[in-house]
Amino acid sequence: MTDIPFEIDAETVAAMQQAGNPPALLDVREDWEVELCSIEGSIYIPLDQLPARLGELPTEEPLVVLCHHGMRSAHAVAWLRRNGFDRASNLSGGIDYWARHVDPTMKVY
């Protein structure tokens, strides 16, 4: 069992990044969405490719999963936790919230 929360807010992730202890970020959006905006350093694996590409994910650090508003990433986190990634969390509000509250220079869509 994990003490890692299922959901994590953008401000907490940003604070972790600023403190030099960033979690791995997994972006499960589609190509066209990532082309519009993304968080630097994110691992990009579209949701439908996730089962086939699990080997690309880090296993020794927290993993924060994001999509546009947090729905697809919540499904991904539930699936990841059932498949051994008990340190995975969903970015609450997705990249839309991130762009509006953490990085207002980021494009929104």
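In the block above lies the structure referred to throughout.
Description of the structure in this document. Predicted, not measured: the structure shown is a model, and the values here were computed from it.

Some points on a negative patch on the surface
For step 1, the next point in the chain: A contiguous patch of negative charge, built from Glu30, Asp31, Glu35 and Asp48, is present on the exposed surface.
For step 2, the next point in the chain: On the secondary structure map, Glu30 appears in the loop between strand E2 (24–27) and helix H2 (31–36).

Side note on the pairing of strand E4 (residues 63–66)
For step 1, the next point in the chain: Residues Leu63 and Val65 point to one face of E4 and Val64 and Leu66 to the other, with burial holding for every one of them.
For step 2, the next point in the chain: When E2 meets E4, the two strands line up parallel, connected through four bridges. By the bridge assignment, Leu25 is partnered in E4 with Val64.
For step 3, the next point in the chain: Bridge count between E4 and strand E5 (residues 88–91): three bridges; the pairing is parallel. Note on E5: the bridge partner recorded for Leu63 is Ala88.

Some thoughts on the sheet that holds strand E3 (residues 43–44)
For step 1, the next point in the chain: If you walk across this open sheet you meet the five strands as E1-E5-E4-E2-E3, and the pairing is parallel. Of all the strands in the sheet, the pair left with one neighbour each is strand E1 (7–8) and E3.

Quick look at helix H3 (residues 71–82)
For step 1, the next point in the chain: Look at H3: 17 Å from first C-alpha to last across twelve residues, which is about the 16 Å you get at 1.5 Å a residue.
For step 2, the next point in the chain: Listed in full, the buried residues belonging to H3 are Ser73, Ala74, Ala76, Val77 and Leu80. Seen along its axis, H3 keeps its buried residues to an arc of 160°; they face one direction. Opposite the buried face of H3, at more than 90 degrees from it, the exposed residues are Met71, His75 and Arg82.
For step 3, the next point in the chain: Where H3 is buried, its residues contact E2, E4 and E5.
For step 4, the next point in the chain: Backbone geometry just after H3 places Gly84 at a positive phi near 95°.

So, how was this worked out
- Residues numbered from 1 in each chain as written.
- Predicted model: local features only at pLDDT ≥ 70, side-chain atom pairs only at ≥ 80, totals over all residues.
- Heavy atoms only, no water.
- Patch = residues over 30% accessible without salt bridge, like charges linked within 9 Å, V, L, I, M, F, W, Y side chains within 5 Å.
- Areas by Shrake-Rupley, 256 points an atom, 1.4 Å probe, with all protein chains shown as cover.
- Salt bridge = Lys/Arg side-chain N within 4 Å of Asp/Glu carboxyl O.
- Lys, Arg positive; Asp, Glu negative; His and termini not counted.
- Charge placed at Lys NZ, Arg CZ, Asp CG, Glu CD.
- Helix = DSSP H or I, 4+ residues; strand = E, 2+ residues; numbered from the N terminus.
- Buried < 20%, exposed > 50% of the residue type's maximum accessible area, 1.4 Å probe, protein only.
- Pairing = 2+ DSSP bridges.
- Expected span 1.5 Å × (residues − 1).
- Arc of directions from axis to C-beta.
- Contact = heavy atoms within 4.5 Å.

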